[in-house]
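Analysis of the macromolecular model
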Amino acid sequence: MTATAELDLKQFIRDIPDFPKPGILFRDITPLLAQPHAFREVIRRLADRFRDRGVNVIAAAEARGFIFAGPLALELDAGFVPIRKPGKLPYRTRAFEYELEYGSDKLEIHADGIQAGQRVLLVDDLLATGGTIGACCKLVEQSGAKVVACAFVIELAALKGIERIAPHESYSVIKYD
């Protein structure tokens, strides 16, 4: 095993209590991003997991997912498709509206961004309750594409987001109970 394979990536995640509101423990990825060897290791682990899975497209919801999806798409020789909030994409879009605990939200992709039959890996920095990534799965499936898996840098296992995205496969580089 190489030295990078043994790298404890949790040491690069900063805990910020009471952000963005009291009672929330925010897992900050910016220290990881500031260390090229740690950032590279995250991309390597994600790429190694999905290298032989026939992924055509990496898709990610704004904004932190973009940070990891771009380099991963290059590493896997796949396209990158951004999933955005309404009004952010300049071309014709396909949308999916989903329910949140207190209201609803909507995500969009370019209408020609994901084609029927493509194999899509969804990427985000964090899996918490699974609402956003679940909506991303539905948006990809509405395009006629297949969700290969959902990949995350961090998973907050206690929030059971993995249950919300079932039966889709998921993989997290770092897990917190």
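Description of the structure in this document. (Residues numbered from 1 in each chain as written. Predicted model: local features only at pLDDT ≥ 70, side-chain atom pairs only at ≥ 80, totals over all residues. Heavy atoms only, no water.)

Turning to the pairing of strand β7 (residues 119–127), a few remarks are in order. Among the nine residues of β7, seven are classified as buried, and the element is accordingly described as predominantly covered. Pairing of strand β3 (residues 57–61) with β7, which is carried by four bridges, proceeds in the parallel orientation. Its bridge partner lying in β7, Ile 58 is registered against Leu 121. With eight bridges connecting them, β7 and strand β8 (residues 146–156) associate as parallel partners. By the bridge assignment for β8, Leu 127 is matched with Glu 155. The β-α-β motif built from β7, the intervening helix α4 (residues 131–142) and the parallel element β8 has right-handed crossover chirality. (Buried < 20%, exposed > 50% of the residue type's maximum accessible area, 1.4 Å probe, protein only. Helix = DSSP H or I, 4+ residues; strand = E, 2+ residues; numbered from the N terminus. Pairing = 2+ DSSP bridges. Right-handed = clockwise from strand over helix to strand, strands pointing away.)

Quick look at the pairing of β3 now. Of all the five residues making up β3, five are buried; the element is thus mostly covered by neighbouring parts of the structure. Here β3 shows a buried face lined by Val 57, Ala 59 and Ala 61 and a second buried face lined by Ile 58 and Ala 60. Handedness of the crossover is the feature at issue here: the chain leaves β3, passes through helix α3 (residues 64–75), returns alongside strand β4 (residues 79–83), and the resulting connection is right-handed.

Below, the discussion takes up α3. Residues Gly 65, Phe 68, Ala 69, Leu 72 and Ala 73 constitute the buried set of α3. Projected down its long axis, α3 shows its buried positions confined to an angular sector of 130°, all on one face. Contacts made by the buried residues of α3 are with α1 (30–33), α2 (36–50), β3, β4, β7 and β8. (Arc of directions from axis to C-beta. Contact = heavy atoms within 4.5 Å.)

Moving on, we come to the environment of Leu 139. By secondary structure assignment, the location of Leu 139 is in helix α4. Among all residues touching Leu 139, those that are not within four sequence positions of it are Ile 83, Arg 94, Ala 95, Phe 96, Leu 107, Glu 108 and Ile 109.

Residues Leu 9, Ile 58 and Leu 121 are the most contacted members of the largest nonpolar core, which totals 33 residues. When contributions to this core are tallied by element, the ones reaching two or more residues are α2, β3, α3, β7, β8 and β9 (170–176). The residues touching Ile 58, leaving out its near neighbours within four places in the chain, are Ala 69, Leu 72, Ala 73, Leu 76, Ala 78, Gly 79, Phe 80, Val 81, Leu 121 and Val 123. (Core = buried A, V, L, I, M, F, W, Y, C linked by side-chain atoms within 4.5 Å.)

Where α2 contacts α3, the axes come no closer than 10 Å and their chain directions differ by 55°. If you check the angle between α2 and α3, you find them oblique. In the packing of α2 onto α3, the handedness of the crossing is right-handed. Residue-level inspection shows Phe 39, Val 42, Ile 43, Leu 46 and Ala 47 of α2 in contact with α3, the latter providing Ile 67, Phe 68, Pro 71, Leu 72 and Glu 75. Residue composition of the contact of α2 with α3, by class: nine nonpolar, no polar and one charged. (Axes fitted to C-alpha atoms, helices over the stretch in contact; angles between N-to-C directions. Parallel < 35°, antiparallel > 145°, perpendicular 65-115°, else oblique. Left-handed = near helix turned anticlockwise from the far one by under 90°. Nonpolar A, V, L, I, M, F, W, Y, C, P; charged D, E, K, R; others polar.)

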